[in-house]
Structures are given as C-alpha cells and as structure tokens.
Amino acid sequence: MDRLILLLPALPLVSALLIHLTATTLRQRVARISQVASLLTFLLAATLLGLSLSGDAPALHRVGSHWGSLLFDPLSVLMAVVISGISYIVHVYSIRYMAEEPGYARFFILLDLMTAALLLMVAAGDLIMLLLAWHVIGVVLYFLLGQDTRSHTAYRYAFWTFFTYRIGDLPLVLAAVLLYQAFGTWSLPEIFAHIDATPGVTTLLGLPLTETVGLLVALAAFARSAQFLLHTWLPYTMEGPTPVSALMHAGIVNAGGFIINRFAPVYIHTDDALHWIFLVGLVTSIIGSVLMLTQNDIKKSLGYSTMGQMGFMIMECGVGAFSLAIYHLIAHGLFKGTLFLGAGSVINEARRSDNVPKDDLYTFIVERQPARHRQPWLLMAAITLAVPVVVFALVHWLVAGDFFQKQGAIVLLFFGWVTGAQLLFSTYRMRTQNLWRTVSMIVFSFTIVVVGYTLISHVFDLFLYPDRDMPLRLYAAAGVDLAWFLTFMILVTAVIVLGWLLTYYSDRRQRYGKTRPGHHWMNFYALVSREFYIADIYSWLTRGLLRLAGRLNVWLRWV
Amino acid sequence: MAAWSYLVVGLFLPLFPLSMVFNLLFARVSQPLARAVLLLAWPLTGLGLLHKLGADVPDPVLNWALATSALYAVRLLVLRELGTWTGFLATSLWALLWIPAHEGFELADIALDALGFSAPLVLLVLITVLLNRRLGGAYAGISGGLAASLPRLSVGLIICLLAAVATPPFPGFFSLLSVLMLASPVNMVGLLVVWLLWSWAAARLIQGFVVGARAADSSLQDISRPVSWGLAMAFTALLVTGVLLTGDLL
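Computed from a predicted model, the values in this text were never measured in an experiment. (Residues numbered from 1 in each chain as written. Chains lettered and ligands numbered in written order. Predicted model: local features only at pLDDT ≥ 70, side-chain atom pairs only at ≥ 80, totals over all residues.)

As for the pairing of strand E2 (residues 69-72) of chain A
Here is the key point about a regular strand: its side chains alternate between the two faces of the sheet.
All names here are of chain A.
Here's step 1: Residues Ser69 and Leu71 of E2 are buried on one face, and the alternating residues Leu70 and Phe72, pointing to the opposite face, are buried as well.
Here's step 2: Note: strand E1 (residues 59-62) against E2, four bridges, orientation antiparallel. Across the sheet, the residue bridging to Leu60 is Leu71, located in E2.
Here's step 3: Where E1 hands over to E2, the hairpin turn is made up of six residues, of which Gly68 adopts a positive phi near 95 degrees. (Buried ≥ 20, exposed ≤ 12 C-beta atoms within 10 Å, placed from the backbone. Helix = DSSP H or I, 4+ residues; strand = E, 2+ residues; numbered from the N terminus. Pairing = 2+ DSSP bridges.)

Listed below in structure tokens is the structure:
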C-alpha cells in the first residue's frame with residue numbers, strides 16, 4: 001500500500017498536463033481540475049501519513065534501476081501532508097483571486113508543477129531525484145513570481161530568487177557527486193548505511209567526507225532558507241501574486257530545514273558542521289529580526305520576519321534539535337501562510353473600520369501610555385526572571401527528564417526564557433484595572449504555549465526519529481566543550497541584559513525628553529535602513545561583471 | 001600527441017582562440033539546416049579525431065579548455081542575438097568534453113554526452129528561425145513582451161533555453177553530471193560556476209524576449225497549433241531520450 005507514494009508527485013503532474021490540454025475549451029474551469037487534483041494529493045498524503053503512524057516500516061520504491069526512487073518514511077510523508085495541505089489551500093484561494101489576471105491556466109499549471117516538485121523533493125529516495133526536484137523548484141518559482149509577464153520589476157526580483165536558488169543548487173550537486181564517488185550509489189538509504197559503516201571515509205584533498213558533505217548540504221540549505229548573505233531575494237519578492245507569496249513563505253523557503261533533516265545520518269558523524277549551522281542561523285535570526293523592526297514597508301517587514309524565523313529554524317538544527325526544526329517550519333508555514341492569505345481581507349476590513357481595540361494592551365503598546373502607579377520593581381523583576389525558567393524547566397522535566405544533559409536543549413530553553421522574560425517585562429508598567437489578573441493570564445497562556453510546544457516537539461521527535469539513539473547522537477554532534485559552552489552562554493546573557501538595561505535607560509531618558517539620537521546611532525540606523533548595503537554590493541558586482549563581459553565581446557569582435 | 005594535433009582537435013572541441021573559427025563559421029552560415037548539422041557534427045568530429053590520435057590529454061590543455069568554457073560563459077551574459085548566443089553556448093559546452101577525454105573515454109559514451117549538449121541547441125536554431133520570420137531578427141530587449149503577443153512561441157523559447165543550459169531533467173544535465181564525476185576538485189568548482197553563468201545568461205535572455213508590454217505590431221502571428229505540437233513532441237523526445245540515454249535511468 002505504501003507504494004502509493006509513487007502517485008504523490010504524479011497527481012499534480014497529470015493535473016498540469018490536463019490543464020494544458022483543456023485550457024482553450026474549459027477556460028477558467030480548468031482551475032477545478034487543479035483543485036480536485038490537489039485535494040486528491042492531500043488525501044493521498046494523509047493516507048500515507050496514517051500508514052506510517054500505524055507502524056508501516058520505511059521503504060524505498062523504485063521506478064528505475066540506477067535512480068528514480070521515492071522514499072516512504074516518517075519525514076517524507078509528514079512533509080508531504082504539510083505541502084499538499086498548504087498547496088490545496090493556496091489552490092482554493094487562487095481560484096477567485098487570480099480570476100481577473102492574465103495567464104490564469106498558466107498559473108495553475110505552474111502551481112501544480114511546483115507542488116509536484118516539492119513532493120518529489122521530500123520523497124526523493126536518491127540523489128538524482130533530489131537534485132532534479134531541488135533544481136526544478138527554483139525554475140518554477142522564477143516563473144510563478146513572474147506571473148505578470150508585463151512587469152519588469154517582478155521579473156527582476158524573480159531573477160534574484162532564481163539566481164540565489166541556483167547558487168544553492170551547486171553545493172548540493174557537489175555533495176551528490178562526492179557521495180557517489182565515495183560509495184558508487186545514488187540511493188540515499190544505501191549511502192547512509194555506508195556512512196554508518198565507514199564514517200571515517202575521506203574525499204577530495206583528503207577532507208573528511210561527512211564533514212565536507214555536511215557543510216555543502218548546509219550551504220544549499222542556507223540559499224534556500226534565506227540565510228544571511230543569501231537572503232536578499234526574500235524581502236524583495238513581493239511583486240508576485242499573493243498566493244505565490246503564501247506558498248513561498250509557508251512551504252518553499254522551509255526546504256533548508258528539511259534537507260538538513262534528510263541528511264541527519266551524515267550530521268551525526270560531523271565535528272564542526274553543526275556549529276557553523278548554528279552560527280549562521282543565529283546571525284540570520286538576529287539580523288532578520290533587526291531588519292524586520294526597521295522596515296516601513298509592511299511586505300518587506302514580513303519578508304524579514306520570515307528570514308528571522310528561518311534563522312531560528314536553522315539554529316535549531318545547529319543545536320541538534322532536528323525534529324524541533326521540522327515542527328518549527330510547519331508551525332511557521334501555517335502561521336505565515338495565514339498572514340499572507342488573510343492580508344487582503346484585513347486591508348478590506350480596515351477600509352470600513354480601523355478595528356483598533358481600545359483596551360489596555362493597545363493603549364500600552366501602541367499609544368505608549370504606561371501606568372502612573374508602579375508595582376515594586378523587585379517583585380516584578382523576580383517574577384519576570386523566575387516564572388519563565390520555572391515553567392520551562394517543569395515542562396521539560398515532565399517530557400524528558402534528561403534534557404539538562406543536552407546542550408542544544410539548554411540553548412533553546414535559554415532563548416525561550418529570554419522571550420518569556422521579555423513578555424512579562426513588557427507588562428510591568430501596563431495601565432490596567434487589575435495588573436495581577438493580566439500577569440496571571442499572560443503566565444497561563446505562556447505555560448500553554450510552552451507545554452504545547454514541548455509536547456508536540458517531543459511527539460515529532462518520537463515519530464521522525466524512532467531510533468532513539470539518533471537524536472542523542474545529533475545532540476552529541478552539536479555539543480561543544482563545556483568551557484566554550486559556558487563562555488558562550490555567559491556572553492549571550494551579558495549581551496541580553498546589557499540590551500535590556502540600555503533599552504530601559506533610553507526609554508526613560510526619552511520619556512523625560514532628555515535624548516536626541518546621537519551621531520553613531522543615526523549612522524547605525526542608516527546602515528540598517530539600507531539593509532547593510534548588501535543588495536547594493538551585489539548589484540555593483542553584477543554591473544562590474546556585465547561591463548567586463550561587454551568589453552570582452554567588443555575586444556574579441558563578437559566571435 | 002604533437003602540438004599541431006591539439007590545434008586541430010582544438011578547432012572542434014573548442015580551445016580559445018581556435019574557438020573563434022567555429023563562431024565565425026556559425027555566424028556566416030545562415031541556413032538553419034546547415035547550422036543544425038554543424039552543431040551536431042562539430043563536437044563529434046573533434047571527439048573522433050581525439051580518439052583516433054589516442055594520446056593522453058595533458059593537464060594544461062584541460063585547464064585551457066575550462067578557461068575557454070568560462071570565457072564564453074561570461075561573454076554569453078551580455079549577448080542579445082539568439083543565433084550568436086547559441087554559438088557561444090555551444091563553444092562553452094563543448095570545451096567541457098576535454099574533461100572526460102582527459103580521463104580516458106569510451107567514444108560511444110562521450111559522443112552521447114556531446115549529443116546531450118548539442119540536441120537542445122538544434123531546437124534553439126529552429127526557434128531562432130521562427131523568431132526571425134516574425135520579427136525580422138531574434139534580438140532580446142528590442143522585441144520584448146513576447147509572452148503577450150506570441151505566447152506559444154514564448155513557451156517554446158523558454159523550454160528550449162532551459163534545456164540548452166542543462167536544466168534537469170533535460171539531457172544536458174545528465175551529460176554535465178557525467179563530466180562532473182570525472183573532474184578534479186578545482187575543475188569541479190569551476191564547472192559549477194560555468195553552469196551558474198549559463199543559467200544567468202538564459203534568464204537574461206528570457207527576460208529580454210518574454211517580459212514586457214504586448215508588442216505594438218498587432219499583425220504578429222503566433223506559431224500554428226501543428227508547429228506548437230511538433231515542438232512539444234520534440235521536447236518530450238528530448239526529455240525521454242535524455243532520461244533514458246544520458247540519464248541511464250533503466
């Protein structure tokens with residue numbers, strides 16, 4: 001029965017073909033073909049997930065002898081359900097949304113091709129299928145973002161996406177070639193078995209194979225998931241239709257987290273690869289969040305928000321919490337997809353009413369009117385710092401008592417604690433009738449979120465990695481020397497506390513009219529508002545190369 | 001192998017500046033059929049000669065070949081005329097065939113890779129003819145907005161360009177993969193960069209032709225349905241033979 005996985009990418013492909021053949025006769029009704037096919041795909045994916053949950057063992061199903069296989073395993077079927085589900089919603093949404101746009105049939109053909117490519121990517125059982133899907137996603141996305149063929153701007157930014165994706169294709173191709181050269185097979189399960197048997201294999205220039213492949217796969221993931229220096233395409237690709245933005249932010253951009261999970265058997269044999277992944281994720285999440293906060297364009301702000309989230313997802317992989325990254329990408333996908341698809345309704349609603357809730361929270365956050373009367377600061381500081389850590393520790397202790405032995409779990413707990421503390425800190429001076437009621441509600445909802453997050457991630461861990469040894473080995477591969485770990489934690493704590501103090505100090509000075517932005521501060525703001533000039537540097541390099549190409553052609557008389 | 005032999009082979013498996021001979025010839029030959037024959041026969045002649053001479057290819061020649069491929073890939077970025085573009089891409093593609101030749105090769109295998117590179121270029125010649133007939137020339141940027149005025153031909157052009165720059169699952173991709181498997185680490189990276197440049201050049205060309213407002217000339221006739229079906233069949237054949245022959249699926 002699990003052979004049905006072969007049908008998963010086939011259904012949207014058949015739909016694309018049918019739309020192409022019937023577009024002139026059925027006209028706008030072709031969308032129904034696409035909608036039905038995407039519903040069937042979702043149902044099929046759900047059935048396969050059911051099979052996997054009921055205990056069907058992972059299996060490889062082949063079409064060809066050398067390559068052309070699909071893998072039925074928990075990761076592939078879970079991702080297939082997510083992709084086909086989001087794709088179905090996007091299909092339904094697009095039927096009316098795209099009705100007045102030119103190229104209606106073409107849009108649904110591309111949407112189906114994208115769904116097929118994404119499903120092929122998550123279910124690929126060999127490196128050729130993976131490369132094929134990985135590459136085709138970039139190409140189809142280019143044309144989806146350029147759905148409006150009259151718009152040069154749309155194509156300009158679609159090209160940025162295409163080019164970054166192509167940069168991401170190259171390390172994956174290199175990794176595939178190195179793996180094939182080492183083991184003489186394209187099949188992923190066979191490669192992973194070989195690596196487990198002989199993890200010390202070396203490759204080109206005597207480099208360790210697992211480390212090299214781990215870093216190359218990570219590079220491919222960085223390009224796909226908009227990590228720092230390969231991120232410029234993401235905030236600028238809002239020219240495409242809204243359903244494409246939803247699909248891109250909810251599904252396609254998450255591919256980085258997926259590919260790192262797919263190569264988990266390689267990462268357990270690496271020494272430093274996961275540390276680099278953590279570092280890149282950390283830098284991306286910080287820069288993404290800073291840029292998000294400084295944008296005055298809501299769409300770019302959403303783009304940078306996705307960048308920050310992707311950084312966090314990659315960081316989770318870097319600390320060894322692989323299954324948590326999958327949970328994160330699903331949760332973020334649903335959340336961001338809803339934001340994009342709901343944007344039109346929100347704008348429409350806002351035209352009728354400003355819909356501003358005149359409550360305590362709004363008055364406090366938006367109108368910045370804090371309470372005159374304050375609670376004792378020592379009590380509030382104690383609550384702010386103690387409550388999140390107690391909640392996190394209790395919940396984790398209930399789910400998995402040994403979490404203190406995993407450095408990765410502690411790093412994530414630390415981030416959770418900082419977030420929780422900030423949430424409580426912000427209520428300190430809120431003008432409200434009953435502060436204790438508000439604080440209790442916040443603590444209660446915070447606890448629910450933490451319990452949900454922890455429990456679900458634990459369930460994901462059990463489902464995705466039934467071999468209980470695997471997550472432990474991943475945490476071990478992500479671990480660092482204790483002295484380094486403590487130094488890092490102390491440093492980060494110091495930075496955060498300093499940041500809080502600075503914010504508090506500047507807030508107070510500003511309130512009493514004592515501050516004017518300093519020269520350095522304005523310079524920093526200019527740097528951030530120009531997005532660190534990264535896109536400008538790339539444009540400058542591009543222009544330089546094109547100028548060189550032009551001169552070469554002139555010198556060589558165009559032959 | 002004597003130096004003069006490399007000079008002769010370098011005409012057919014392009015080595016700069018000998019590569020200029022092919023491009024000059026390709027520019028002079030305006031007949032589409034002659035161009036197609038040239039595209040198919042030129043690299044095969046080079047491979048045949050190399051095989052007949054039967055000597056090892058030294059490393060400097062290999063580096064020279066990769067540099068030639070990179071040079072033409074860079075120059076491709078700013079080309080606007082589809083015919084010249086096809087010739088430059090062919091030069092960049094065929095120069096890579098020195099890599100399997102360096103490693104010692106079965107003529108049949110490498111000839112298949114050469115055909116995998118050349119076959120989409122033949123279709124590109126056909127598309128150039130179709131564009132010339134309608135627009136009087138095949139210049140990207142000058143005649144933009146073809147997606148609106150000639151939608152079927154635009155689709156043909158896009159698929160053809162993607163196939164020509166070794167996009168999977170077209171045969172060029174598998175040919176490139178088999179060349180990659182034989183390359184040294186440095187050449188591997190160089191080869192991948194060249195591949196990136198091809199994609200960039202193709203995207204620039206697509207944007208120059210396809211994107212923009214509908215052409216002012218309303219008398220433009222798109223390709224007929226039979227021609228469109230013929231192109232579709234050719235692409236399918238290219239795809240299937242690519243996956244089965246150069247891709248070695250079965």
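Quick word on the interface of chain A and chain B
Here's step 1: On the side of chain B, 32 residues touch chain A, which itself brings 34 residues to the contact.
Here's step 2: Residue assignment for the side of chain A that touches chain B shows that the elements contributing at least two residues are helix H5 (127-145), helix H6 (152-183) and helix H23 (534-555) of chain A.
Here's step 3: Top element by residues in the side of chain A that touches chain B is H6 of chain A. It accounts for 13 residues.
Here's step 4: Here the side of chain A that touches chain B is composed, by residue class, of 22 nonpolar, 10 polar and two charged. (Contact = placed C-beta atoms within 7 Å. Nonpolar A, V, L, I, M, F, W, Y, C, P; charged D, E, K, R; others polar.)

Re the packing of helix H1 (residues 7-26) of chain A against helix H4 (residues 104-123) of chain A
Residue and element names in this part refer to chain A.
Here's step 1: Packing of H1 against H4 leaves a shortest axis separation of 8 Å and a crossing angle of 165 degrees. Compared by their axis directions, H1 and H4 come out roughly antiparallel. Along this stretch, H1 crosses H4, giving a crossing that reads as left-handed. In this structure, H1 uses Leu8, Pro9, Pro12, Leu13, Ser15, Ala16, Ile19, His20 and Ala23 to contact H4, whose residues at the interface are Ala105, Phe108, Ile109, Asp112, Leu113, Thr115, Ala116, Leu119, Leu120 and Ala123.
Here's step 2: Counted by class, the contact of H1 with H4 contains 15 nonpolar, three polar and one charged residues. (Axes fitted to C-alpha atoms, helices over the stretch in contact; angles between N-to-C directions. Parallel < 35°, antiparallel > 145°, perpendicular 65-115°, else oblique. Left-handed = near helix turned anticlockwise from the far one by under 90°.)

Some points on the confidence of the model for chain B
Residue and element names in this part refer to chain B.
Here's step 1: Scored by pLDDT, chain B has a mean of 92; 100% of the residues are at 70 or more.
Here's step 2: By mean pLDDT, helix H1 (residues 3-12) is the weakest element of chain B at 85, and helix H5 (residues 82-95) is the strongest at 97.
Here's step 3: In the model output, the complex is listed with pTM 0.92 alongside ipTM 0.95. (pLDDT = per-residue confidence, 0-100.)

So, helix H9 (residues 151-164) of chain B
Residue and element names in this part refer to chain B.
Here's step 1: With 14 residues, H9 should reach 20 Å at 1.5 Å per residue; the first-to-last C-alpha distance of 20 Å fits that figure.
Here's step 2: Summarising burial for H9: 12 of the 14 residues are buried, a large majority.
Here's step 3: Once H9 ends, the next one or two residues include Ala166, with phi positive near 60 degrees. (Expected span 1.5 Å × (residues − 1).)

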